[in-house]
2 protein chains.
Amino acid sequence: MNLHAYMEQLKNEIDAALMAHQYSSTHTVAEAMRYSLRNGGKRFRPVLLLMFLDAFGVERKKGMATAVALEMIHTYSLIHDDLPAMDDDDMRRGHPTNHKVYGEAVAILAGDGLLTDAFNVLVNDQSLDIDTRLKLVRLLSAAAGSCGMIEGQMLDMEAEVKPVEDLEKLKNIHQLKTGKLIEFACLAAGFIADPTDRQLHKLRWFSNHVGLAFQIQDDILDVEGDAEKIGKTVGSDEASGKSTYVSLLGLDGAKAMLEAEINKAVAELDGLPADTEMLKELTLYVAGRDS
Amino acid sequence: MNLHAYMEQLKNEIDAALMAHQYSSTHTVAEAMRYSLRNGGKRFRPVLLLMFLDAFGVERKKGMATAVALEMIHTYSLIHDDLPAMDDDDMRRGHPTNHKVYGEAVAILAGDGLLTDAFNVLVNDQSLDIDTRLKLVRLLSAAAGSCGMIEGQMLDMEAEVKPVEDLEKLKNIHQLKTGKLIEFACLAAGFIADPTDRQLHKLRWFSNHVGLAFQIQDDILDVEGDAEKIGKTVGSDEASGKSTYVSLLGLDGAKAMLEAEINKAVAELDGLPADTEMLKELTLYVAGRDS
């Protein structure tokens with residue numbers, strides 16, 4: 001199976017699991033939660049988690065509830081980020097954002113609901129022993145919490161007012177804002193497959209390199225991408241005066257850093273006792289994608 | 001020790017535990033989280049939890065992390081409820097609300113941070129075995145989630161537009177919006193003390209009666225309370241056309257229902273193999289309080 005068919009298959013499995021989950025009956029908040037869950041993208045984070053389980057030779061169904069919880073947290077963060085008080089976005093992935101459809105109050109509650117229910121999904125996952133479930137709650141609450149993704153969102157908002165001039169600071173923002181959930185996807189697979197500490201270390205490094213590569217390619221696409229494919233105006237970062245890898249390193253510098261991060265990510269995969277061919281293809285795809 | 005000195009002592013212990021907790025270093029969101037945590041009220045929910053542990057003869061420190069997590073969830077719900085898109089309140093307990101001090105974006109993130117970190121606090125509680133921790137995460141995520149407190153908040157918002165005319169519907173709103181966290185306080189003490197299922201059943205009934213009594217007394221105070229003591233305008237419910245126990249039952253009817261709920265709560269306490277004298281005093285205090 002080629003990478004795209006494989007990713008599509010995993011995405012379909014995740015979509016089905018997300019929709020099968022019952023989030024309360026019929027009230028408006030539950031409807032708003034489902035609206036944003038349905039309007040998913042590539043499901044990159046849960047796909048990554050399931051690909052690692054495949055690579056470790058572990059049944060995918062052992063990670064499905066964790067994949068669902070992870071996507072719920074990601075979805076909540078998008079709903080809240082899109083709010084007028086935050087990024088004030090009207091559209092996401094070609095559809096009106098949650099608050100444009102349901103109003104701000106319901107959108108806030110829908111985000112709160114997805115965030116809270118995600119932990120309920122994790123803790124009720126009968127396919128994992130309670131020790132693993134507890135580790136996953138610890139890991140996800142730390143990744144998404146005030147020292148993780150939320151701190152990243154705060155730093156990112158501050159950087160819009162006062163652009164960062166330092167590469168390490170820019171990396172830190174992304175490692176928190178988007179990197180923490182990508183790291184969770186990889187480490188969660190590790191915990192579920194129960195590899196050694198040495199392997200968890202490799203999973204963490206891999207996720208850091210892939211997360212950075214993902215962001216650098218985003219910045220490159222903003223300069224030389226196809227507006228129709230990426231679904232937003234090209235050049236928006238430069239217009240907003242926001243610091244990016246391209247603005248700090250130049251286009252060639254950013255491309256060189258992207259290649260270096262991809263090589264480091266692949267090297268970490270080589271060190272794992274797992275069948276990582278598809279994960280290598282995914283890593284190369286992250287760098288080469290056009291949307 | 002009399003009830004007030006006892007409640008004050010528990011409140012001080014809870015305040016100290018809330019402040020001792022580290023929520024990330026110095027960034028603005030962490031500061032906003034601490035701002036609202038510091039501006040606490042009577043800490044009714046965690047006080048109730050600790051009083052039950054005392055009644056069961058269990059060391060209070062076994063419930064302190066749970067008490068902290070519970071108050072974090074309660075505090076997040078107040079921050080989000082006060083937002084302009086929700087209740088649009090400028091003041092809470094004599095201080096500017098979170099978004100008036102830090103702006104809406106930070107207030108949203110501070111709420112998200114408290115909610116997420118609360119689960120991290122629960123799961124890292126070294127004083128409880130992992131089975132109990134898992135039960136508490138399950139219980140708290142269900143109580144606060146889209147089928148619990150969040151559904152209650154949604155129903156309450158809908159009731160402001162279209163007042164409920166049915167007593168059972170009004171009870172349902174309160175049992176979800178405020179009752180679920182009060183129920184968690186009681187059940188969590190039960191899980192930590194490890195009583196039998198029969199006792200958990202009694203704890204649940206007690207919490208339902210006390211929660212209702214709490215709300216009925218709120219509605220009575222809105223009619224005949226002292227504005228200075230309750231910290232808001234008297235008669236605000238009637239002015240807003242909101243359904244209350246007083247509007248549905250009349251003042252005498254509401255007082256009769258309050259007395260009935262208090263008697264039922266005390267009867268549940270009588271059935272517990274615990275020293276419930278202080279809890280009985282607390283229950284009577286809920287009905288007799290003037291603020």
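Thresholds applied
Residues numbered from 1 in each chain as written. Chains lettered and ligands numbered in written order. Predicted model: local features only at pLDDT ≥ 70, side-chain atom pairs only at ≥ 80, totals over all residues. Heavy atoms only, no water. Helix = DSSP H or I, 4+ residues; strand = E, 2+ residues; numbered from the N terminus. Rg over C-alpha atoms; globule rule 2.2 N^0.38 Å. Contact = heavy atoms within 4.5 Å. Areas by Shrake-Rupley, 256 points an atom, 1.4 Å probe, with all protein chains shown as cover. Lys, Arg positive; Asp, Glu negative; His and termini not counted. Charge placed at Lys NZ, Arg CZ, Asp CG, Glu CD. pLDDT = per-residue confidence, 0-100. Buried area = accessible area lost by both parts, 1.4 Å probe. Salt bridge = Lys/Arg side-chain N within 4 Å of Asp/Glu carboxyl O. Polar contact = N/O pair within 3.5 Å; in protein donor to acceptor, adjacent residues only side chain to side chain. Nonpolar A, V, L, I, M, F, W, Y, C, P; charged D, E, K, R; others polar. Least-squares fit on C-alpha atoms with pLDDT ≥ 70 in both. Phe/Tyr/Trp six-rings, centres within 6.5 Å; stacked < 30°, edge-to-face > 60°. Buried < 20%, exposed > 50% of the residue type's maximum accessible area, 1.4 Å probe, protein only. Lys NZ or Arg CZ within 6 Å of the ring centre and 35° of its normal. Axes fitted to C-alpha atoms, helices over the stretch in contact; angles between N-to-C directions. Parallel < 35°, antiparallel > 145°, perpendicular 65-115°, else oblique. Left-handed = near helix turned anticlockwise from the far one by under 90°. 1 Å grid on protein atoms, 1.4 Å probe; cavity = no way out; pocket = protein on both sides within 12 Å on 5 of 7 lines; lining within 4 Å. Points joined across faces, edges and corners; volume = space filled by probe spheres on them.

Let's shift gears to the overall build of chain A. When helices and strands are counted, chain A shows 15 helices and two strands. In summary, chain A has a C-alpha radius of gyration of 18 Å against a globular reference of 19 Å for 291 residues, a match within 12%. On the principal axes, the C-alpha backbone points of chain A span a range of 50 × 50 × 35 Å. Sequence separation of at least 24 residues holds for 72% of the intrachain contacts in chain A that already meet a minimum separation of 6. For chain A, the accessible surface area stands at approximately 11,600 Å², while carbon and sulfur atoms represent 49% of it. Seen as two clouds, the 30 positive and the 46 negative side-chain charges of chain A have centres 4 Å apart.

Any segment with low pLDDT has predicted coordinates that should not be analysed in fine detail. Averaged over every residue, the pLDDT of chain A is 93; the share at 70 or more is 97%. Of the two predicted TM-score estimates for the complex, the pTM is 0.96 and the ipTM is 0.96.

In this fold, A:G57 is placed in the loop between α3 (44-56) and α4 (64-82). A C-alpha to C-alpha distance of 8.2 Å links A:G57 and A:A193, two positions 136 residues apart in sequence.

Residue-level contacts link 43 residues of chain B with 43 residues of chain A. Buried area between chain B and chain A, summed over both chains or domains, comes out near 3,700 Å², and the portion from carbon and sulfur atoms is 71%. Of all residues in chain B, B:T116, B:L134 and B:S146 give up the largest surface area on contact with chain A, accounting jointly for 15% of the area buried on that side. Inspection of the chain B/chain A interface yields zero salt bridges. At the boundary of chain B and chain A, one finds 16 residue pairs in polar contact (both at pLDDT 80 or more). Listing elements by their share of the side of chain B that touches chain A, those giving two or more residues are α2 (28-38), α4 (64-82), α6 (104-123), α7 (130-144) and α8 (149-161) of chain B. Top element by residues in the side of chain B that touches chain A is α6(B). It accounts for 13 residues. Of the residues assigned to the side of chain B that touches chain A, the class counts are 23 nonpolar, twelve polar and eight charged.

This paragraph deals with unusual backbone geometry. Even without a glycine there, the phi angle at A:R93 is positive, about 50 degrees. On the secondary structure map, A:R93 appears in the loop between β1 (91-92) and β2 (95-96).

With that settled, the discussion passes to the relation of the copies chain B and chain A. Superposing chain B onto chain A takes a rotation of 180 degrees plus a shift of 0.0 Å along the axis, which leaves an RMSD of 0.0 Å. Interpreted geometrically, this transformation is the action of a two-fold axis. Across chain B, the smallest distance between a C-alpha and the rotation axis is recorded for B:L134, namely 3.3 Å.

Right, let's talk about the packing of aromatic side chains for a bit. Residue and element names in this part refer to chain A. Evaluated as defined, the whole model comprises nine aromatic pairs over all chains. For the pair F52 and F56, a centre-to-centre distance of 6.1 Å together with 25 degrees between the ring planes defines the contact as stacked. Pair noted here: F52 and F56 are both in helix α3, with a separation of four residues, about one helical turn. Using a relative accessible area of 18% as the deciding quantity, one classes F56 as buried. A cation over a ring is seen here: R289 above F214, with NZ or CZ 4.1 Å from the ring centre.

What follows concerns the packing of helix α11 (residues 197-224) of chain B against helix α14 (residues 245-270) of chain B. Residues and elements named next belong to chain B. Where α11 contacts α14, the two axes come as close as 8 Å, and the packing angle between them is 150 degrees. Here α11 lies roughly antiparallel to α14, going by the angle between them. The two elements α11 and α14 cross, and the hand of that crossing is left-handed. Its residues assigned to classes, the contact of α11 with α14 shows 17 nonpolar, three polar and seven charged.

So, about empty space enclosed by the protein. In the structure shown here, the tally under the stated rule is five cavities of 30 Å³ or more. Within this model, the largest cavity holds a volume of roughly 120 Å³. Lining the largest cavity are 15 residues; nearest its centre among them are A:S36, A:N39, A:L78, A:I79 and A:R92. Those elements that place two or more of their residues in the lining of the largest cavity are α2 (28-38) and α4 of chain A. In terms of residue count, the dominant contributor to the lining of the largest cavity is α4(A) (six residues). Residues belonging to the lining of the largest cavity are distributed by class as follows: four nonpolar, six polar and five charged. Contributing to the lining of the second largest cavity are B:Y35, B:S36, B:N39, B:T75, B:L78, B:I79, B:D82, B:R92, B:R93, B:P96, B:T97 and B:N98. At the level of secondary structure, the elements contributing two or more residues to the lining of the second largest cavity comprise α2 and α4 of chain B.

Before going further, it helps to examine the environment of A:E224. All names here are of chain A. If you trace the backbone, E224 turns up in helix α11 (residues 197-224). For E224 and H80, which are 144 residues apart along the polypeptide, the C-alpha to C-alpha distance reads 29 Å. If we skip the residues at most four places from it in the chain, E224 touches L251 and K255. Within the structure, E224 has its side chain in polar contact with the side chain of K255 (distance 3.0 Å).

Residues and elements named next belong to chain A. Enumeration over the complete set of coordinates arrives at 36 salt bridges over all chains. Between R43 and E71 there is a salt bridge, with its nearest N and O atoms 2.9 Å apart. Of the two residues, R43 sits in the loop between α2 and α3 while E71 sits in helix α4, which places them 28 residues apart along the sequence. As far as burial versus exposure is concerned, R43 and E71 are alike and both buried. Measuring nitrogen to oxygen at the nearest pair gives 3.4 Å for the salt bridge that ties D218 to R289. Of this pair, D218 sits in helix α11 while R289 sits in the segment after α15 (277-288), and the two are 71 residues apart along the sequence. Since its relative accessible area comes to 6%, R289 is described here as buried. Each of K11, D15, R43 and E71 takes part in a single network of salt bridges with overlapping partners.

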